[in-house]
Amino acid sequence: MSLETLDSGQEHIASAISDEVVIELSKVNKWYGEFHVLKDIDLTVYKGERIVICGPSGSGKSTLIRCINRLEEHQQGDILVNGVTMDTNLKNIDAIRRDVGMVFQSFNLFPHLTVLENCTLAPIWVRNTPKAEADRLAMQLLERVKIPEQAAKYPGQLSGGQQQRVAIARSLAMNPNIMLFDEPTSALDPEMISEVLDVMVGLAESGMTMLVVTHEMGFAKRVADRVIFMDQGEIVEQNTPGEFFNNPKSDRTKLFLSQIL
Ligand code: ADP
Ligand code: MG
């Protein structure tokens with residue numbers, strides 16, 4: 001949680017936003033039992049856009065991004081991903097999941113598989129990619145996240161930062177065009193945070209559409225096209241990082257920023 005994790009003097013990376021809408025949420029509402037966790041969420045995401053979502057613990061950030069690949073089900077409103085409606089139709093859910101990769105706080109690697117096998121399992125078994133081709137692609141991705149030399153090791157033999165980079169490579173192996181990150185550095189020791197953020201910066205530079213829940217404000221300043229602040233199930237405020245940090249509008253945003261910066 002600091003501006004210093006990435007040097008805040010670094011330039012904002014070039015935007016790659018197109019006018020093509022890839023995610024559209026309209027009046028999305030969700031309850032856990034009686035608890036109203038998402039309240040009338042409207043959100044339009046454009047291809048190539050990088051969005052950072054922040055807000056207090058319990059404000060609904062994880063729930064929001066988990067609804068985008070149906071790890072959670074919303075009860076009211078519409079979610080469209082690449083033009084496909086998120087509903088109970090399994091074909092639609094499959095189509096959406098094919099396009100959307102997700103990286104979690106807790107890595108969630110398969111402990112009994114090597115790093116390489118973690119990255120080839122789904123391409124081989126879900127996509128029917130021939131093993132040699134899946135291996136080749138996985139090695140390319142492990143190079144991209146800068147740990148090709150770890151390919152034959154098991155997750156338990158890696159540091160947290162290395163494991164999270166494997167998780168990113170594994171997700172990219174399914175060739176998503178949208179990536180969701182839920183506090184990807186929150187479980188890491190401080191010295192490992194920047195190696196994961198660096199990989200995410202590289203992904204942003206490649207033009208990937210990204211929704212990132214994080215409190216790494218240095219990352220937000222450098223990478224985000226838009227910062228969204230959530231509180232109590234609502235999008236309270238959203239703006240460019242410059243405006244968001246220098247000129248927050250709502251008292252709730254000001255309070256939040258005063259606590260984390
Ligand atoms: P955040 O990611 O912003 O911390 P979450 O989306 O995880 O927030 O949670 C929002 C609220 O919903 C919290 O109060 C949390 O306790 C509650 N919640 C999250 N998941 C569940 C669940 N599966 N069942 C009931 N309540 C939940
Ligand atoms: Mg969360």
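Fair warning: this is a prediction, and the values are worked out from it, not measured in the lab. (Residues numbered from 1 in each chain as written. Chains lettered and ligands numbered in written order. Predicted model: local features only at pLDDT ≥ 70, side-chain atom pairs only at ≥ 80, totals over all residues. Heavy atoms only, no water.)

Asks: Give me the lowdown on helix H1 (residues 61–68), citing residues and values where you can.
Replies: Here H1 lies mainly inside the structure; six of its eight residues are buried. Within H1, the full set of buried residues consists of Lys61, Thr63, Leu64, Ile65, Cys67 and Ile68. One or two positions beyond H1, positive phi appears at Arg70, with a value near 65°. (Buried < 20%, exposed > 50% of the residue type's maximum accessible area, 1.4 Å probe, protein only. Helix = DSSP H or I, 4+ residues; strand = E, 2+ residues; numbered from the N terminus.)

Asks: I'd like a rundown of the sheet that holds strand S9 (residues 226–231), residues and numbers included.
Replies: Here we have six strands laid out as an open sheet, ordered S6-S7-S8-S3-S9-S10, and mixed in their pairing. Sheet topology places strand S6 (100–103) and strand S10 (234–239) at the edges, where each strand pairs with a single neighbour. Going across the sheet, the axis of each strand differs from the next one's by a mean of 20°, ignoring polarity. Where helix H6 (residues 190–205) meets the sheet, it contacts strand S3 (50–54), strand S7 (178–182) and strand S8 (209–213), and its direction lies at approximately 150° from that of S8. (Pairing = 2+ DSSP bridges. Axes fitted to C-alpha atoms, helices over the stretch in contact; angles between N-to-C directions. Contact = heavy atoms within 4.5 Å.)

Asks: Which residues make up the nonpolar core, and what values go with them?
Replies: Core analysis: the largest hydrophobic core is formed by 49 residues, its most contacted members being Leu142, Ile168, Phe181, Met200 and Met210. Counting residues per element, this core draws most heavily on H6, at nine residues. The contacts of Phe181, once residues within four sequence positions are left out, are Ile65, Val103, Ile168, Met200, Leu203, Met210, Leu211, Val212 and Val213. Val37, Leu64, Ile65 and Val100 belong to the second-largest nonpolar core, a separate cluster that totals 29 residues. (Core = buried A, V, L, I, M, F, W, Y, C linked by side-chain atoms within 4.5 Å.)

Asks: An account of the site of ligand 1 is needed here, citing residue identities and associated values.
Replies: All residues in the neighbourhood of ligand 1 are listed as Tyr32, Phe35, Val37, Pro56, Ser57, Gly58, Ser59, Gly60, Lys61, Ser62 and Thr63. Interatomic distance of 3.1 Å between a backbone N/O atom of Ser59 and an oxygen atom of ligand 1. Between Lys61 and ligand 1, the recorded distance is 2.7 Å, taken from a side-chain N or O atom to an oxygen atom. About the coverage of ligand 1: the protein hides 58% of its 560 Å² of free accessible area. Listing elements by their share of the shell around ligand 1, those giving two or more residues are strand S2 (35–46) and H1. Among the elements that line the shell around ligand 1, the one with the most residues is H1, at three residues. Split by residue class, the shell around ligand 1 holds four nonpolar, six polar and one charged. (Near = heavy atom within 4 Å. Polar contact = N/O pair within 3.5 Å; in protein donor to acceptor, adjacent residues only side chain to side chain. Areas by Shrake-Rupley, 256 points an atom, 1.4 Å probe, with all protein chains shown as cover. Nonpolar A, V, L, I, M, F, W, Y, C, P; charged D, E, K, R; others polar.)

Asks: Break down the packing of helix H3 (residues 115–125) against helix H4 (residues 131–144) for me, with residues and values.
Replies: Between H3 and H4, the shortest axis-to-axis distance is 9 Å and the interhelical angle comes to 130°. Accordingly, the angle class assigned to the pair H3 and H4 is oblique. Note on packing geometry: the crossing formed by H3 with H4 is right-handed. Residues Val115, Leu116, Cys119, Thr120, Pro123 and Ile124 of H3 touch H4, and the partners they reach there are Lys131, Ala134, Asp135, Ala138, Met139 and Leu142. Classifying every residue of the contact of H3 with H4 gives nine nonpolar, one polar and two charged. (Parallel < 35°, antiparallel > 145°, perpendicular 65-115°, else oblique. Left-handed = near helix turned anticlockwise from the far one by under 90°.)

Asks: Quick rundown of the UniProt feature "domain: ABC transporter" (unreviewed entry) in the protein chain? Include the residues and the values.
Replies: Under the feature "domain: ABC transporter" (unreviewed entry), the UniProt entry names residues 23–257. Here residues 23–257 is 39% helix and 26% strand, with 27 Å between the C-alpha atoms at its ends. (UniProt positions renumbered as here; feature names shortened; annotations may be inferred.)

Asks: An account of a nonpolar patch on the surface is needed here, citing residue identities and associated values.
Replies: On the surface, Ile17, Val21 and Tyr46 cluster together into a nonpolar patch covering about 220 Å² of accessible area. Take Val21: it is sitting in strand S1 (residues 21–32). Look at Val21 and you get partly exposed, because its relative accessible area is 35%. (Patch = residues over 30% accessible without salt bridge, like charges linked within 9 Å, V, L, I, M, F, W, Y side chains within 5 Å. Salt bridge = Lys/Arg side-chain N within 4 Å of Asp/Glu carboxyl O.)

Asks: An account of the side chain of Gln164 is needed here, citing residue identities and associated values.
Replies: As for its placement among the helices and strands, Gln164 is situated in helix H5 (residues 160–172). Apart from the residues lying within four places of it in its own chain, the contact partners of Gln164 are Val103, Phe104, Gln105, Phe107, Pro184 and Val196.

Asks: If you had to explain the packing of aromatic side chains to someone new, which residues and values would you point to?
Replies: Here a ring pair, both rings aromatic, is described through the centre-centre distance and the interplanar angle of the planes. Per the stated rule, a full pass over the model turns up two aromatic pairs. Here Phe229 and Phe256 contribute two aromatic rings whose centre-to-centre distance is 5.1 Å and whose plane-to-plane angle is 40°, an arrangement assigned as tilted. Of the two residues, Phe229 sits in strand S9 while Phe256 sits in helix H9 (residues 251–260), which places them 27 residues apart along the sequence. Phe256 shares its class with Phe229; the two are buried. Taking the centre distance of 5.3 Å and the plane angle of 90° together, the rings of Phe244 and Phe245 count as edge-to-face. (Phe/Tyr/Trp six-rings, centres within 6.5 Å; stacked < 30°, edge-to-face > 60°.)

Asks: Residues and numbers for the environment of Val28, please.
Replies: Position of Val28 among the secondary structure elements: in strand S1. Once the C-alpha coordinates of Val28 and Ala14 are considered, the two residues, 14 residues apart in sequence, prove to be 31 Å apart. In this structure, Val28 is in contact with Leu38, Lys39, Asp40, Ile41, His74, Gln76, Gly77, Asp78 and Ile79, ignoring residues within four places of it in sequence.

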